[in-house]
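For reference, the chains in residue letters:
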Amino acid sequence: MTVPIIERDVLQATLDHALDSGGDFAEVFVEDRRSSSGRFDDGRVEELVSGRDRGAGLRVVRGDTTGFAHTADLSRTGLLHAAEAAAGAARGGGGGTRTVALGAPSAHPIDGDVVLPENVEKRRKVELLARADAAARATGSAVTSVTASYADARRRILVANSDGLLADDDRVRTRLSVHCVATGDTGMQTAHEAPGRTMGFELFDDFTPEDVARRAAQRALTLLEAVPAPSGRLPVVLKRGAGGVLFHEACGHGLEADHIFKDASVFKGQMGRPVASPLVTLVDDGGYAHEWGTLAIDDEGHPARRNVLIEDGVLTDYMWDVVRARNEGRAPSGNGRRESYRHLPMPRMTNTFVLEGATEPDDIIGSVDFGIYCVQLGGGQVDPATGDFVFGVTEAYLIEKGEITRPIRAAQLIGNGPDVLRMVDAVGNDFETWTGMCGKQGQSVPVSSGQPTVLVREMTVGGTAA
Amino acid sequence: MSRGDLLEIARGVARAARDGEQIEAYVVRTRDTDVEVFGGEVESLTTASVEGVGIRVIAGGRQGLAWAGSLAADVIDETLKEARDNAGFGEPDEWYGLASLADVNGAAPPALDLWREELVSVSTEEKVRIALDLERATKAADTRIRNVESASYGDAFAEAALANSLGVEAHSRRTTCSASAVALADDGSSTQSGYGFVAGRTLSDLDLDSIPRDAATRACRLLGAKPVPGRRIPVILDPLVTRSVLGVLSSAFNGESMLKGRSLFAGRAGQVIGAPFLQLIDDPTDERALGASQFDGDGVPTRRNALIVDGVMQGFLHNVYTGRRSGAGTTASATRGISSTPGVGVRALRLEPGTKSPEEILRSAGEALFVQSVSGLHSGTNPISGDFSVGAEGLMVRDGAFAEPVREITVASTLQRMLLDITEVGSDLTFLPGAVAGLTLLVGEMTMSGA
């Protein structure tokens, strides 16, 4: 990989120039991203796609105002132009020039045991897809359509700022997705499975295309037998891994400092108070090995950390980026992330987990007289200002007299984040994670979520059963 | 950051085609400004220029693509090399091929003027002032507005060119601008958020006064909302909700989905799929639509496509590939960015408006649920099975007027059922950002789940 080496003196000159006419903080963020992907559909490889994107984002903060400009031109001239544009955008504060002294660089090279996708023959990526397709179709004759896609991306970033910070990171992410359609008397049903990790081609040692494909196919076949979901307020058991995304959406977003700062979070003013059942401990851990949201440094150059957000039900911290942390006079928490050099960073989650409890998962299911058992959730949405959320359920079963019985068709779970946190009545001693993309203000970043088997006393289930 | 004429760049790439090889280059350049304000101050001001190229190569019946976020000559050369290499790994398909002059068939692109020169001369100060005024007016719109979570102004100048080695060329440019605000209303015991936004091709298209009004109304009228008991009930959809539902439905008319066995309406052409007065049209030649466009993603001039006429399904939308494979021919419905080969999609989808105003529909509905916004649309609806179940908030309607607000409910049906159950189409056709226009819709019966 040819990396755009930006000389230290060019970075320094760019930062100096950005602060020429005053300003409290300046930052250069350089990114070089290469990606490749392939798609198998309709029984054949459709095409391979490769992408290359690189450039720099320049930020100047003056008072409460951030000026931002970006450029694909990484020459000295290109960077100085962008610095001027960002400074112009932040114009309005006091004058005076500053000279920036960059500190010792902190480098985070890629691990030696990562199998770089760029060194893997394209033919091998294509083979994975054919294997997934064959395995899905072999799962059952009712599987009528299979789409498999492969994607890898290597993202190298470099951050320098007027506090003297200089850091870089080099990450590889790899993901396989399989979507299946099964057709039966009840119509068509769809299902998917899409594991991804911050690692290279060695991902497929842990997740063989056959296993991934069979899980997706089996899920679609199961849905053909599904009965309409019940409606109303019911106990909900979230299987390990399945419900982390719910805690991500329903609680995590409200704990991002920008929402707090704008008085647009139900968790504002709750620090040190009980906000959840004492069984709940919620952490955001950007350093957790190889997870989809794992980083060495965030997109503002600060090391990823394990941050405890809720401890035994008590709110202990929010998630911070540089701008909001400066306002509060505290250190950032390694949660400043951005989709690309074209975007401004903001507080974002990385890998957000509910920690394990003490109860056997079978005992949790056994305690429910009538409710639903969620094995996979689809996407969700939350209004952080109110905490109201909605989630699609993509694989779930009825629990009747403590036993998992029939599969149920598509349904929605709706509720309120703080309410659900308080209604967590049991937390299992198991744990699993889930891979996803998190969208916020038009920016999409990779995240994971995770949780043990959890019982929520009641949530509104919106099904279609009469 | 001008690097010359985009069409010239695209032609230069297409000219590199060797014997037995087809090459297409799609080149874009966009200039954006985005202002966000908070608490009476500019929170962020972003100025940016983005450019990029997507190169598609077809050789030996195989297809490959590569893209780059740069138009530097060395990057374009490397991208072409990658695209050629990638083409070696796809599997052959006899229907692959770029648009030819036969696909264009002598059609002239619709005469659309999507560029407003006056937007270019609007100063940054003016853009900042619009956003600050918007925040102030939203805060002042109602005493219950506790806070304005965000107020923003943005505009974009976009240009795109396509050239292929079969002689098809396209070039277009457009201006767009938009403004929005999110209000937080508080009655002491609960908080609700509501937004207002407008979009157009230039400043004079923007009814800025409507934003604070809409944001405040939408937030305040939901204060005190509660779940209500579930039942089957007539449902009135706000134009923004109708837009979202039509957006999901549009994939059922996608020729690619149909060919791959993933359309709800496969084999239904010529059959009744909707209420007898229902007319659904995708018309990118309609200049009022913000998705209007002279060319599609294959470089073929766009046209008006009727999808439902008097409740009867007309057919599917196609790009060059799906048009050839199905035998139906392209409907100029290729959609794409630089980083993908063309897919199929709508650009300017709308229902033909009816005669009743939203107020008249409210009066005609009896006891009904008015849905102001939905959530979980993408997780709760399935354009393949037709299952439809979304989270909703809105107001109960009684005696022709809004009654108590409701939240934490879901509304459910199937897309098939909803099309047949539509009893009124509003007269309030509203062109919105994106590819779908909205209007008020009355669906005779849906399942509401709640407390």
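Quick caveat, the model's predicted, so the values are computed rather than measured.

**What about the domain arrangement of chain B?**
Residues and elements named next belong to chain B. Taken domain by domain, chain B holds domain 1 (6-220) and domain 2 (231-449). With centres defined by C-alpha atoms, the gap from domain 1 to domain 2 works out at 23 Å. Listed per partner, the contact involves 43 residues of domain 1 and 37 residues of domain 2. In total, domain 1 and domain 2 occlude about 3300 Å² of area from one another, counting both sides; carbon and sulfur atoms represent 59% of this. Counting across the interface, domain 1 meets domain 2 through four salt bridges. Across the domain 1-domain 2 interface, the total number found is 13 residue pairs in polar contact (both at pLDDT 80 or more). Residue assignment for the side of domain 1 that touches domain 2 shows that the elements contributing at least two residues are β1 (21-38), β2 (41-59), β3 (62-68), α3 (101-104), β5 (169-186) and β6 (191-200). For the side of domain 1 that touches domain 2, the residue count by class is 24 nonpolar, nine polar and ten charged.

**What to know about the pairing of strand β8 (residues 232-238) of chain A**
Residue and element names in this part refer to chain A. β8 sits mainly inside the fold: five of its seven residues count as buried. In terms of strand pairing, β8 meets strand β22 (residues 454-462) through six bridges, oriented antiparallel. Pairing of Arg-233 across the sheet is with Thr-460, part of β22.

**Concerning the sheet that holds strand β21 (residues 443-451) of chain A**
Residues and elements named next belong to chain A. Spatially, six strands are ordered β11-β10-β9-β14-β21-β20 in an open sheet, and the strand pairing comes out mixed. Looking at the sheet topology across the chains shown, the edges are occupied by β11 (314-315) and β20 (432-440). On the sheet, helix α6 (residues 244-252) packs against β9 (282-285), β14 (351-354), β20 and β21 and is oriented at approximately 125 degrees with respect to β21.

**Looking at the pattern of salt bridges**
Think of it this way: side chains of opposite charge can pair up when their charged atoms draw near. Per the counting criterion, the structure on display carries 77 salt bridges over all chains. The residue A:Asp163 makes a salt bridge to A:Arg326 at a minimum N-O spacing of 3.4 Å. Here A:Asp163 is found in the loop between β4 (143-161) and β5 (166-184), whereas its partner A:Arg326 is found in helix α8 (residues 322-328), with 163 residues between them in sequence. Among the residues examined, A:Arg326 registers a relative accessible area of 38% and is labelled partly exposed. One salt bridge connects A:Asp169 with A:Arg171, and the closest N-O pair in it is separated by 3.0 Å. Under the relative-accessibility criterion, A:Arg171 is labelled buried at 18%. Taken together, the shared-partner salt bridges in this structure form one network comprising A:Arg39, A:Asp41, A:Glu46, B:Glu256, B:Lys260 and B:Arg262.

Rules used throughout
- Residues numbered from 1 in each chain as written.
- Chains lettered and ligands numbered in written order.
- Predicted model: local features only at pLDDT ≥ 70, side-chain atom pairs only at ≥ 80, totals over all residues.
- Heavy atoms only, no water.
- Domains from an automatic or database assignment.
- Contact = heavy atoms within 4.5 Å.
- Buried area = accessible area lost by both parts, 1.4 Å probe.
- Salt bridge = Lys/Arg side-chain N within 4 Å of Asp/Glu carboxyl O.
- Polar contact = N/O pair within 3.5 Å; in protein donor to acceptor, adjacent residues only side chain to side chain.
- Helix = DSSP H or I, 4+ residues; strand = E, 2+ residues; numbered from the N terminus.
- Nonpolar A, V, L, I, M, F, W, Y, C, P; charged D, E, K, R; others polar.
- Buried < 20%, exposed > 50% of the residue type's maximum accessible area, 1.4 Å probe, protein only.
- Pairing = 2+ DSSP bridges.
- Axes fitted to C-alpha atoms, helices over the stretch in contact; angles between N-to-C directions.

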